[in-house]
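The lines below spell out each chain.
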Amino acid sequence: MTPPFTGLVTSPITETIIESKSSGCGGCSSSATGDMDEKLQQRIANHPCYSEEAHHHYARLHVAVAPACNIQCNYCNRKYDCANESRPGVVSELLTPEEAAHKVLVIAGKIPQLTVLGIAGPGDPLANPERTFRTFELVAEKAPDIKLCLSTNGLMLPEYIDRIKQLNIDHVTITINMVDPEIGAKIYPWVHYKRKRYRDIEGVRILHEKQMEGLQALKEADILCKVNSVMIPGINDEHLVEVNKVIRSHGAFLHNIMPLISAPEHGTHFGLTGQRGPTPRELKAVQDSCAGNMKMMRHCRQCRADAVGLLGEDRSQEFTKDKFMAMAPEYDLAQRQEVHAGIEKFREELKAAKQQVVATPVQNAPKILVAVATKGGGLVNQHFGHAKEFQVYEVDGREVRFIGHRKIDHYCQGGYGETATLENIIEAIADCKAVLVAKIGDCPKEKLHTAGIQTVETYDLIDKAALEYYQQYLQQTVIS
């Protein structure tokens, strides 16, 4: 099995995966692409945000053309920016629609696995309708194969449904953090609607009403809707189960419950007042409690408003305005179609390989977590020291289920490992029984083992490696 083009993965899967004589069905269970009809599968097949499986292979691009916002969130401060930070609303440079379209055409050539253009800020796209829709018009005219996506707080959504439909924007995300205005009043200090500013619960009631109207209108227009909810401990964490039920009843396709990002240096109200974000365990518990209702998105990276590349990587600094404006557009539809065909061939090979993986059901099997260092492609294919995040999977001997990711500072700094960084990595994956990596040095391996985290060095399917480790874990548990 070989990757479709250089850069997707760095080396081929061992042929023994395909040649395995084993039968049975195990593998990764995607909460974003469970049982659904074929037409819906096709609509999300190469969308890295709407399909957990697709995010291993396809890239997205956000362009920052929408500076104004019409609500204030206690977790948001768009004035702060750090080029190395991944946080919603953060952006280094604002673009005109013409500059944004040029950027799309340049990057579509440089990164041919790019399939999605999103406008998500740094303010609200529908508070900047002319800039937003002009950008989409320019891109749709010159790059018709790129999906168009919009993220909004929903306040103005009912007024623009027809325009969204006209432009074939097939995926819309609404951030809905509450369905009870009393709770919303703790999140939103004001809402600006129809040239008037409404404070506290009065404004929140308007926001809630328009969000529900917009969600229903998207359903009636057959536009896929993902709902983002920011989990804020002590404010809406217990309430999110109710949010989940309501948005499902109004036609939402996918629910993304994200952790609050709260730090004093960001200058947000929550950051300055000491409001903490949830722990990974708390986040997982709420996601799990909502998972029976509808499909959950667990692979979100809470991207910047100028994010570029695969989810989990940020290549925005390669394409700053001074750089991309000096580049000639390289959009080539035929070349892009060839690359996408190669990706799909690779995905089919991965699918066939997964079907060869033996899952051994165990009665009353315990569930464990494993962390994986991966550069994508559904493979364990990254050196421990090069990882900037670990993908975390839940394994029970029957299936391998993706549940989230843990961001870290990469361990290798110019060839040397940093002790403080390693301690932070161990803390980040402390609830995992093992970490699966392509390679790891003796020093971090020893410290991980001391912390009770096993290391597995392999280049293989994540599913296969995780299930094989699980069998070893069971044997060690019985022996001990």
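Computed from a prediction, not measured in an experiment: that's the story for all the values here.

Colleague: Can you help me understand unusual backbone geometry in this one?
Modeller: Trans is the common state for peptide bonds, and a negative phi is the common state for residues other than glycine. Between G121 and the following residue, P122, the backbone shows a cis peptide bond with an omega angle of 15 degrees. Turning to its location among the elements, P122 is positioned in the loop between strand 4 (114-119) and helix 4 (129-142). Backbone geometry places R195, a non-glycine residue, at a positive phi of 65 degrees. Considering the arrangement of structural elements, one finds R195 in the loop between strand 7 (190-193) and strand 8 (196-199). Looking at R195, the relative accessible area reads 82%, which means it is exposed. You will see that D222, though not glycine, has its phi angle at about 60 degrees, which is positive. In this fold, D222 is placed in the loop between helix 7 (200-220) and strand 9 (224-231).

Colleague: Looking at this structure, I do not really get the side chain of H208. What am I missing?
Modeller: Here H208 shows up in helix 7. Of the residues examined, H208 reaches a relative accessible area of 17% and is grouped as buried. Setting aside residues up to four positions removed in sequence, H208 forms contacts with M178 and V179.

Colleague: How should I be thinking about the sheet that holds strand 8 in this particular structure?
Modeller: Backbone-to-backbone hydrogen bonds join strands into a sheet, with any given pair of strands oriented parallel or antiparallel. Strand order in the open sheet formed by 3 strands is 3-7-8, with antiparallel pairing between adjacent strands. Taken across any chain shown, the strands that pair with only one partner, and hence form the sheet edges, are strand 3 (71-72) and strand 8. Note: strand 3 against strand 7, 2 bridges, orientation antiparallel. Of the residues in strand 7, the one forming a bridge with Q72 is W190. Each of strand 3, strand 7 and strand 8 is contacted by helix 7, which is oriented at about 110 degrees to strand 8, the strand it contacts most.

Colleague: Looking at this structure, I do not really get the sheet that holds strand 9. What am I missing?
Modeller: Spatial strand order, 11-10-9-6-5-4-2-12: 8 strands in an open sheet with mixed pairing. Because the sheet does not close on itself, it has two edges, and the strands there are strand 11 (295-296) and strand 12 (308-310). Both strand 10 (residues 254-259) and strand 11 contribute to a ladder of 2 bridges, which runs parallel. In the sheet register, L254 faces strand 11, and the bridge partner there is K295. Where helix 10 (residues 280-291) meets the sheet, it contacts strand 9, strand 10 and strand 11, and its direction lies at approximately 165 degrees from that of strand 10.

Colleague: Please clarify how the side chain of R401 should be interpreted in this entry.
Modeller: Relative to the elements of secondary structure, R401 occurs in strand 16 (residues 400-407). The class for R401 is buried, based on a relative accessible area of 17%. Of note is the side chain of R401, whose polar atom sits 2.7 Å from the side chain of E394.

Colleague: Can you help me understand the nonpolar core in this one?
Modeller: The nonpolar side chains of a soluble globular protein tend to be buried, and buried together. Core analysis: the biggest nonpolar cluster contains 90 residues, and Y75, L117, F136, I164, I169 and Y188 have the highest contact counts within it. Broken down by element, the residue count for this core peaks at 7 residues, all from helix 7. Each residue touching Y188, except ones within four places of it in the same chain, is listed here: I71, Q72, C73, N74, Y75, T175, N177, M178, D200, V204 and L207. One finds F346, V395, V456 and L467 within the second-largest nonpolar core, a separate group that totals 26 residues.

What counts as what
- Residues numbered from 1 in each chain as written.
- Predicted model: local features only at pLDDT ≥ 70, side-chain atom pairs only at ≥ 80, totals over all residues.
- Heavy atoms only, no water.
- Helix = DSSP H or I, 4+ residues; strand = E, 2+ residues; numbered from the N terminus.
- Buried < 20%, exposed > 50% of the residue type's maximum accessible area, 1.4 Å probe, protein only.
- Contact = heavy atoms within 4.5 Å.
- Pairing = 2+ DSSP bridges.
- Axes fitted to C-alpha atoms, helices over the stretch in contact; angles between N-to-C directions.
- Polar contact = N/O pair within 3.5 Å; in protein donor to acceptor, adjacent residues only side chain to side chain.
- Core = buried A, V, L, I, M, F, W, Y, C linked by side-chain atoms within 4.5 Å.

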